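Understanding the architecture of this molecule
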Amino acid sequence: MIIQLNENITTEQENFVRGIVTKTGYALNEVKTKRQRYLVCVGNKPFDIRTIGNLPGVHDVHYVADANKLVSNEWKVKNTVIDLGDGIKIGEGNFSIMAGPCSIENEAQIETTVTFLKQQGIKIMRGGVYKPRSSPYAFRGLGIEGLKLFYKECAANGIKIVTEVMQMDQIEAMYEYVDIFQVGARNAQNFNLLDALGEAGKPVLLKRGISGTVEELLSSAEYIFSNGNEQIILCERGIRTYEKAYRNTLDLNAVPYLKSKTHLPVVVDPSHGVGIRAYVESMSLAAVMAGADGVIVEIHENPEKAFSDGQQTLNFTEAELLVDKLRKTYQLRETFQ
């Protein structure tokens, strides 16, 4: 059960609501976001929610059977749309293309990529400044100084930034330079980090764990929401299976499933999902038809010289063709709805 409280609820009214709920044997958890205050109530006893809905100070009450109550669509009338400002939105009715290199390498690379994105009408640039690499000897990013260069060029050109945060102590230093914090697959169940991002309040793009289930992805999103942040984007990026022909198994089944279970936007990362450049286009277009709200794709002016993940990165010519096909495919999808 989720109880939405009025903004002007008095202490006396709230205590009365809490008292009724606890008498039924339900455990109470308070959640306060920028938009609303909630009481998330967990219990199994039959309960007539009408006894709560008519109480002074209560805006609304919802029965939610799902374990991950806040991210469930059982109680949301409208799906969540992430508003990044400047008319840039992610979610229902908006197909978002996020593109950029795996790693931010230098200032010239940022400038070249930003110029390309502007030409294509892409408003969100991805790029890593902290890179979790399998080998400790691989390039691990430019860190906060690289992020400042990234931000300077993007802000001057009206482009939003999505970049990965790996540790709790990086959040504060990164905060003013980031529009969307990305949680990578390796940190999908780093619950301390998820708690901290919930408190930070900025939009979070949450990737599915390397071998994570969709329910585990939803549970991770619940951690962020329950700590006060409703601005969450779920990302299917492929999972590790027994198949060795490509980097990961891109689970496009997850897209319609998640869209049916949650009110949060769902995007797909086909670059990591397949890990082979020649197949990124096919999987991107398939993601559109599966119902995704957007894709996040790796691009580089010269992938063969990229510091990381060049084998799955599109060059600018390939990216330009893909962007055109993505938009046409999305228009086609919309005609069937």
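The structure we're discussing is the one just above.
Just so it is clear, the structure is predicted and the values come from calculations on it, not from any experiment.

Cut-offs used in this document
- Residues numbered from 1 in each chain as written.
- Predicted model: local features only at pLDDT ≥ 70, side-chain atom pairs only at ≥ 80, totals over all residues.
- Heavy atoms only, no water.
- Helix = DSSP H or I, 4+ residues; strand = E, 2+ residues; numbered from the N terminus.
- Rg over C-alpha atoms; globule rule 2.2 N^0.38 Å.
- Buried < 20%, exposed > 50% of the residue type's maximum accessible area, 1.4 Å probe, protein only.
- Contact = heavy atoms within 4.5 Å.
- Areas by Shrake-Rupley, 256 points an atom, 1.4 Å probe, with all protein chains shown as cover.
- Patch = residues over 30% accessible without salt bridge, like charges linked within 9 Å, V, L, I, M, F, W, Y side chains within 5 Å.
- Salt bridge = Lys/Arg side-chain N within 4 Å of Asp/Glu carboxyl O.
- Pairing = 2+ DSSP bridges.
- Axes fitted to C-alpha atoms, helices over the stretch in contact; angles between N-to-C directions.
- Core = buried A, V, L, I, M, F, W, Y, C linked by side-chain atoms within 4.5 Å.
- Expected span 1.5 Å × (residues − 1).
- Arc of directions from axis to C-beta.
- Parallel < 35°, antiparallel > 145°, perpendicular 65-115°, else oblique.
- Left-handed = near helix turned anticlockwise from the far one by under 90°.
- Nonpolar A, V, L, I, M, F, W, Y, C, P; charged D, E, K, R; others polar.
- Polar contact = N/O pair within 3.5 Å; in protein donor to acceptor, adjacent residues only side chain to side chain.

It is worth spelling out the overall build of the protein at this point. A tally of helices and strands in the protein yields 11 helices and 14 strands. For 337 residues, the compact-globule formula gives about 20 Å, and the C-alpha radius of gyration of the protein, at 21 Å, lands near that figure. Projected onto its principal axes, the C-alpha coordinates of the protein cover approximately 65 × 45 × 40 Å. The 337 residues of the protein split such that 53% are buried. In the protein, once contacts between residues fewer than 6 apart in sequence are set aside, the share between residues at least 24 apart is 68%. Surface exposure of the protein reaches about 15,200 Å², of which carbon and sulfur atoms provide 49%.

Turning our attention to a nonpolar patch on the surface. Together, Met289, Leu332 and Phe336 make up a nonpolar patch on the protein surface, roughly 330 Å² of accessible area in all. Within the fold, Phe336 resides in the segment after helix 11 (316–335). What makes Phe336 exposed here is its relative accessible area of 64%.

Strand order in the closed barrel made by the 8 strands is 7-8-9-10-11-12-13-14, with parallel pairing throughout. Ignoring which end each strand starts from, the neighbouring axes of this sheet average 25° apart. Alignment of strand 7 (residues 96–100) against strand 14 (residues 294–298), held across 5 bridges, turns out to be parallel. From the neighbouring strand, Ser96 faces strand 14, where its bridge partner is Gly294. Strands in contact with helix 4 (residues 143–156) are strand 8 (124–126) and strand 9 (160–164); relative to strand 9, the strand with the most contacts, it is inclined by about 160°.

On to the sheet that holds strand 3 (residues 37–42). One open sheet accounts for 4 strands, arranged 2-3-1-4; its pairing is antiparallel. Of all strands in the sheet, those bounded by a partner on one side alone are strand 2 (27–32) and strand 4 (58–62). Geometrically, the sheet is characterised by an average inter-axis angle of 20° between neighbouring strands, direction not taken into account. Set on the sheet, helix 1 (residues 11–23) makes contact with strand 1 (2–5), strand 2, strand 3 and strand 4; between it and strand 2 the angle comes to about 145°.

Attention now goes to the nonpolar core. Phe150, Leu234 and Ile299 are the most contacted members of the largest nonpolar core, which totals 71 residues. If we skip the residues at most four places from it in the chain, Phe150 touches Ile104, Ile110, Met125, Arg126, Gly127, Val129, Ile161 and Thr163.

Attention now moves to the pairing of strand 3. Across 4 bridges, the pairing between strand 1 and strand 3 is antiparallel. Opposite Ile3, over in strand 3, you have Leu39 as the bridge partner. Here strand 2 runs beside strand 3; their pairing, made up of 6 bridges, is antiparallel. By the bridge assignment for strand 3, Ala27 is matched with Val42. The hairpin formed by strand 2 and strand 3 contains 4 residues between the paired strands.

Because an α-helix completes one turn every 3.6 residues, residues spaced three or four positions apart along the sequence face the same direction. Taking 1.5 Å per residue as the helical rise, helix 4 with its 14 residues ought to reach 20 Å, and the 20 Å between its terminal C-alpha atoms agrees with that figure. Listed in full, the buried residues belonging to helix 4 are Gly143, Gly146, Leu147, Phe150 and Cys154. One side of helix 4 holds all its buried residues, which, seen down the axis, span an arc of 100°. Turned more than 90 degrees off the buried face of helix 4, the exposed positions are Lys152 and Ala156. Next to the buried residues of helix 4 lie helix 3 (107–120), strand 8, strand 9 and helix 5 (171–174). Positive phi shows up at Gly158, right after helix 4, with a value of about 70°.

The subject of this paragraph is the packing of helix 6 (residues 191–200) against helix 7 (residues 214–226). Between helix 6 and helix 7, the least distance of the axes is 6 Å, while the angle of their chain directions is 40°. Considering their axes alone, helix 6 and helix 7 lie oblique with respect to each other. Between helix 6 and helix 7 lies a crossing of right-handed hand. Here Phe191, Leu194, Asp195 and Gly198 of helix 6 lie close against helix 7, whose contacting residues are Ser220, Tyr223 and Ile224. Taken together, the residues of the contact of helix 6 with helix 7 break down into 4 nonpolar, 2 polar and 1 charged.

Packing of helix 7 against helix 8 (residues 254–261) leaves a shortest axis separation of 11 Å and a crossing angle of 45°. Looking at the two axes, helix 7 sits oblique to helix 8. The handedness of the crossing between helix 7 and helix 8 is right-handed. Contacts from Val214, Glu215, Leu217 and Leu218 of helix 7 reach helix 8 at Ala254, Tyr257, Leu258 and Lys261. When the residues that make up the contact of helix 7 with helix 8 are grouped by side-chain class, the tally is 6 nonpolar, no polar and 2 charged.

Structurally, the position occupied by Asp169 is in the loop between strand 9 and helix 5. Within the local environment of Asp169, its side chain forms a polar contact with the side chain of Gln167, the two groups lying 2.9 Å apart.

What is shown is where atoms sit, not what they do.
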